[in-house]
Amino acid sequence: MALNTASLRTSSVLSRKFKNSSNNVSPTFSIPIKSLSFLNPVPLFSNLSFKQTSHSSSSVSIKASSPSSSTTITESQELKIFYVPTKPIEGQKTGTSGLRKKVKVFMQENYLGNWIQALFNSLPPEDYKKGVLVLGGDGRYFNREAAQIIIKIAAGNGVGKILVGKDGIMSTPAVSAVIRKRNANGGFIMSASHNPGGPEYDWGIKFNYSSGQPAPESITDKIYGNTLSISEIKMAEIPDVDLSNLGVTNYGTFSVEVVDPVGDYLELMENVFDFSLIRSLLLRPDFRFVFDAMHAVTGAYAKPIFVDKLGANPDSISNGVPLEDFGHGHPDPNLTYAKDLVNIMFDENGPDVGAASDGDGDRNMILGREFFVTPSDSVAIIAANAQEAIPYFKTGPKGLARSMPTSGALDRVAQKLDLPFYEVPTGWKFFGNLMDAGKLSICGEESFGTGSDHIREKDGIWAVLAWLSIIAFRNKDRKPGEKLISISDVVNQHWATYGRNFFSRYDYEECESEGANKMIEYLRDVVSKSKGGDKYGSYALQFADDFNYSDPVDGSVVSKQGIRFVFTDGSRIIFRLSGTGSAGATVRIYIEQFEPDVSKHNVDAQTALKPLIDLALSISKLKEFTGREEPTVIT
Ligand code: VG1
Ligand code: CO
């Protein structure tokens with residue numbers, strides 16, 4: 001079978017237990033000299049000076065009472081808190097998922113510090129004072145420095161404990177899992193997710209709340225507001241924490257625990273899935289599996305989970321070592337950027353199941369031999385098969401949900417299974433309330449995000465385990481030598497039952513912001529003048545709007561979440577600007593058309609959708625506004 005649904009790119013320290021006096025009074029810290037970051041300061045602390053009261057050949061002792069010449073010091077038992085003067089910095093508005101900028105921007109003096117302090121200024125004190133926060137990251141360039149800054153500011157603001165992944169590594173889904181398991185108040189993830197990393201590329205930070213979900217807009221809006229009025233950063237005087245050794249280090253009332261990033265997460269996965277069922281599949285001599293960690297965070301998870309626990313061949317993991325620049329790659333698991341995996345899977349003798357995940361491990365791509373599963377189909381198929389193949393769902397999912405631009409394949413499953421169904425704006429933060437309210441179990445986005453209420457983030461490895469469970473369940477009675485039911489068989493059967501929602505997304509990356517914004521304004525104008533029944537070529541308009549969402553749980557409302565043209569046959573064209581880029585504007589066009597006729601299900605999606613794609617380009621005057629002839633990525 002040819003490339004099924006998409007075509008390819010058309011254009012691109014030291015662990016030191018401090019000697020804490022048991023009565024918490026005037027302790028003496030003995031700090032090896034090279035661990036004192038402030039002697040060789042990162043920009044945030046460059047305006048601080050410290051007095052060393054005494055030192056020996058290899059260590060410096062600082063008494064908690066030692067004064068600083070340029071900053072205020074307050075005593076918090078043994079912790080000295082410095083108030084670092086700062087000024088507001090423009091542009092620190094959180095996007096679809098966290099704050100993302102070029103590394104060089106984040107490395108500017110106080111840039112990260114301002115945002116972290118603004119965050120603490122935005123939270124009610126009871127949400128973090130003496131509380132526990134988790135710190136994870138995808139291992140990208142600048143995470144080491146950033147981790148130390150975040151730890152010092154958290155301590156400076158009265159946080160009780162930071163739980164940090166070894167070497168600062170912990171995937172986004174694992175942070176969500178750890179927050180929930182350890183009843184933490186929240187957590188930080190140092191990642192720009194699928195954006196490339198390295199000195200010339202992107203850095204980012206996400207903040208998740210106590211249920212493990214990305215901070216809602218009510219909080220991120222407050223943080224932004226506070227970045228515009230910030231005047232000081234509270235920072236504790238502690239040495240850089242050694243993140244390379246597991247264990248707890250106490251600094252008076254504050255402590256840092258370096259934890260194994262995999263343990264809690266793996267335990268959760270073992271509770272969600274039937275590991276012996278998956279293991280029986282992976283051990284079959286007639287089944288081959290490959291997983292591409294893209295030199296990103298799941299490199300730390302792939303071997304312990306797929307190989308050590310589930311019996312996969314060690315050779316089945318590729319790019320399994322997290323690297324600061326993702327091996328010069330773009331850690332986005334799609335047909336363009338995970339090209340090596342696509343090439344392996346599109347060989348007629350390729351493996352049976354292939355998968356990849358992104359920078360921070362929350363996205364996934366699922367491939368069969370010579371077959372690509374669109375994320376929109378993937379979530380629908382997982383939902384349709386969850387009850388029989390995944391123990392966590394043995395009483396059936398409570399409800400299903402997708403982001404607005406994601407195809408309607410999931411809607412059809414919800415209808416057939418008679419389940420509550422929700423359509424939310426783009427971004428995982430909109431699923432959390434529904435999950436907390438017990439209304440939602442399985443959800444997904446077209447952007448390679450799939451997950452469930454086992455945590456409050458999308459979860460790449462979960463999606464891979466879900467697919468392995470489905471394939472294992474379908475083949476559990478097949479004897480060696482019998483033909484196995486493949487990924488493409490499962491998808492084709494699903495289409496035969498539910499019909500196929502052809503879907504494609506066109507991305508025009510790094511356009512000039514001005515042209516892209518004008519195009520959106522123009523489209524809003526078109527929407528305001530449109531009415532049901534308007535003819536667009538052979539399509540008749542049902543309605544056009546700019547998507548608004550009112551959260552059924554807390555009643556919060558968000559508007560302008562994407563311009564929709566919905567036609568009477570159910571076809572849709574959607575336009576949005578990305579909220580995760582770090583430069584210029586990325587225009588996304590989403591195109592969808594339903595096809596009930598089985599005989600037409602194996603048409604290439606680009607062919608099936610050509611009339612709608614042409615219509616989208618003409619409605620939007622995209623070429624005129626952006627000057628772009630071709631998209632950078634087609635999914
Ligand atoms: C993109 C995706 C969206 C996803 C978000 C975060 O946002 O479209 O579905 O939730 O990335 O994913 P945008 O605004 O660029 O379209 V991740 O893995 O980057 O945290
Ligand atoms: Co991600």
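Attention here is on the structure that accompanies the text. Computed from a predicted structure; not experimentally measured. Each chain carries its own residue numbering, running from 1 in the written order of its sequence. For naming, the first written chain is A and the first written ligand is 1, with later ones following in the order written. For a predicted model such as this one, the threshold for reporting local features is a pLDDT of at least 70, and the threshold for listing and counting side-chain atom pairs is 80 or more; totals across whole chains, interfaces and linings nevertheless cover every residue. Note that the side-chain values use all heavy atoms of the structure and ignore hydrogens as well as water.

Right, let's get into the overall build of the protein. Looking only at helices and strands, the protein has 18 helices and 31 strands in total. Taken over 635 residues, the protein has a buried fraction of 60%. Accessible areas in this description were obtained via Shrake-Rupley with a 1.4 Å probe; residue shielding takes into account the shown protein chains only. Within the structure as shown, the protein displays about 23,500 Å² of accessible surface, and the carbon and sulfur contribution to it stands at 49%. Only DSSP runs of H or I covering at least 4 residues are called helices, and only runs of E covering at least 2 are called strands; the numbering of each starts at the N terminus. Buried means the residue's accessible area, taken with a 1.4 Å probe over protein chains only, is under 20% of the maximum for its type, while exposed means over 50%, and partly exposed covers the values in between.

On to the sheet that holds strand 29 (residues 572–577), then. Strands qualify as paired when DSSP identifies two bridges or more between them. Ordered by their spatial adjacency, seven strands build an open sheet running 24-25-28-29-30-23-31, and the pairing between neighbours is antiparallel. Since the sheet does not close on itself, it has two edges, and those belong to strand 24 (535–536) and strand 31 (633–634), each with one partner. Inspection of the sheet shows strand 23 (residues 500–511) paired to strand 31 by two bridges, in the antiparallel sense. Paired with Y506 across the two strands is I634, which belongs to strand 31.

The next point concerns the site of ligand 1. Nearness is defined per residue: one heavy atom within 4 Å of the molecule or strand is enough. Neighbouring residues of ligand 1: 20 residues in total, closest T96, S193, S447, S578 and T580. Within the contact set of ligand 1, an oxygen atom lies 2.7 Å away from a side-chain nitrogen or oxygen of E445. Pairs of N or O atoms within 3.5 Å make up the polar contacts considered here, provided that, within protein, one atom can donate a hydrogen while the other can accept it, and that residues adjacent in sequence are counted only when both atoms are side-chain atoms. Within the backbone of G579, one N or O atom sits 2.6 Å away from an oxygen atom of ligand 1. Considered class by class, the residues forming the shell around ligand 1 number no nonpolar, 10 polar and 10 charged. Ten residues, namely Ala, Val, Leu, Ile, Met, Phe, Trp, Tyr, Cys and Pro, are considered nonpolar, four, namely Asp, Glu, Lys and Arg, are considered charged, and the remaining ones, Gly among them, are considered polar.

This next bit is on the nonpolar core. Counting 76 residues, the largest nonpolar core has F273, F289, I305, F306, L465 and L468 as its most contacted members. Top contributing element to this core by residue count: helix 13 (residues 460–474), with 11 residues. Only heavy atoms matter for contacts: two residues are in contact if any of them lie within 4.5 Å across the pair. Residues within four places of F289 in sequence aside, it is in contact with L282, F306, A312, S316, P351, V353, V464 and L468. By convention a nonpolar core is built from buried Ala, Val, Leu, Ile, Met, Phe, Trp, Tyr and Cys residues, the set being connected through side-chain atoms within 4.5 Å. Residues I81, I89, I162 and V164 belong to the second largest nonpolar core, which totals 50 residues.

What follows is about the coordination of the cobalt ion (ligand 2). We call an atom a donor if it is N, O or S and sits within 2.8 Å of the metal, or 3.2 Å for Na, K and Ca. Water is not counted, so some sites may look partial. Protein-derived coordination of the cobalt ion (ligand 2) comes from S193 (OG), D358 (OD), D360 (OD) and D362 (OD), at a distance range of 1.8 to 2.1 Å. Considered as a linear motif, the donors of the cobalt ion (ligand 2) on their single chain read S-x164-D-x1-D-x1-D. Assigned by exposure class, D360 and D362 land together as buried.

What follows deals with unusual backbone geometry. Look at F142: it is not a glycine, yet its phi comes out positive at around 85 degrees. Structurally, F142 is set in the loop between strand 7 (132–137) and helix 3 (143–156). By relative accessible area, F142 is classed as buried at 5%. One non-glycine residue, D167, lies in the positive phi region at around 60 degrees. Relative to the helices and strands, D167 is located in the loop between strand 8 (161–165) and helix 4 (172–181).

With that out of the way, let us pick up the pairing of strand 16 (residues 353–357). Most of strand 16 is tucked away, with five of its five residues classed as buried. Burial of the side chains of strand 16 extends over both faces: V353, A355 and S357 are buried on one face and G354 and A356 on the other. Strand direction decides the pairing type here: strand 14 (residues 289–292) and strand 16, joined by four bridges, are parallel. Along strand 16, the bridge assignment pairs V290 with G354. Bridge analysis of strand 16 against strand 17 (residues 364–368) gives five bridges, and the strand direction is antiparallel. When the sheet's bridge partners are listed, S357 is paired in strand 17 with N364.

So, about helix 4. Judged by how many residues are buried, helix 4 sits mostly within the fold: eight of 10 residues are covered. When we look at burial in helix 4, the residues that qualify are T172, P173, A174, V175, S176, A177, V178 and I179. For helix 4, the elements touching its buried residues are strand 7, strand 8, strand 9 (186–190), strand 10 (202–208), helix 6 (263–272) and helix 8 (299–309). The N-capping residue of helix 4, defined by a side-chain oxygen 3.1 Å from the backbone nitrogen of A174, is S171. Phi turns positive one or two residues past the end of helix 4, at N183, with a value near 50 degrees.

This part is about the sheet that holds strand 15 (residues 317–318). If you trace the five strands from one edge of the open sheet to the other, you get 15-14-16-17-18, paired in mixed fashion. Where the open sheet ends on each side, the last strands, each with one partner, are strand 15 and strand 18 (371–373). Note on geometry: axes are lines fitted to C-alpha atoms, helical ones only across the stretch in contact, with angles between N-to-C directions running from 0 to 180 degrees. Against the sheet, helix 14 (residues 487–498) engages strand 16, strand 17 and strand 18, with an angle of about 55 degrees to strand 18.

Turning next to the packing of helix 4 against helix 6. For the pair helix 4 and helix 6, the least separation of the axes is 9 Å and the interaxial angle reads 85 degrees. The angle between helix 4 and helix 6 falls in the class roughly perpendicular. Contacts from P173, A174, A177, V178 and K181 in helix 4 reach D264, Y265, E267 and L268 in helix 6. Angular relationships are summarised with four words: roughly parallel below 35 degrees, roughly antiparallel beyond 145, roughly perpendicular across 65 to 115, and oblique for the angles in between.

Turning our eyes to something else, we now look at the pattern of salt bridges. Salt bridges, as used here, are contacts in which a Lys or Arg side-chain nitrogen is within 4 Å of a carboxyl oxygen on Asp or Glu. Inspection of the entire model under this criterion finds 42 salt bridges. Notably, a salt bridge pairs K483 with D489, separated by 3.6 Å at the nearest N-O pair. Take K483: its relative accessible area is 61%, and that puts it in the exposed class. Between K600 and D597 there is a salt bridge, with the nearest N and O atoms lying 4.0 Å from each other. Counted as one network, the salt bridges with shared partners bring together R402, D411, E423, D545, R564, R572 and E592.

Okay, the side chain of N501 next. With respect to the helices, strands and loops of the structure, N501 is situated in strand 23. Under the relative-accessibility criterion, N501 is labelled buried at 4%. There is a polar contact of 2.8 Å between the side chain of N501 and the side chain of E592. Here N501 is in contact with D377, S407, G408, A409, R412, E592, Q593 and F594, once residues within four sequence places are set aside.

Further remarks concern the packing of aromatic side chains. Centres within 6.5 Å are what make two rings of Phe, Tyr or Trp a pair, Trp counting through its six-membered ring; a difference in plane orientation under 30 degrees is then read as stacked, over 60 as edge-to-face, and the rest as tilted. Here the structure, examined in full by the defined rule, presents 22 aromatic pairs. Judged by centre distance (5.3 Å) and plane angle (55 degrees), the rings of F188 and F207 are tilted. On the criterion of sequence distance, the pair formed by F188 in strand 9 and F207 in strand 10 is long-range, its members being 19 residues apart. Relative accessible area serves as the criterion here: at 0%, F188 is assigned to the buried category. In this structure F207 comes out as buried when scored by relative accessible area, which is 6%. Aromatic rings pair up to connect F120, Y128, F188, F207 and Y209 into one cluster.

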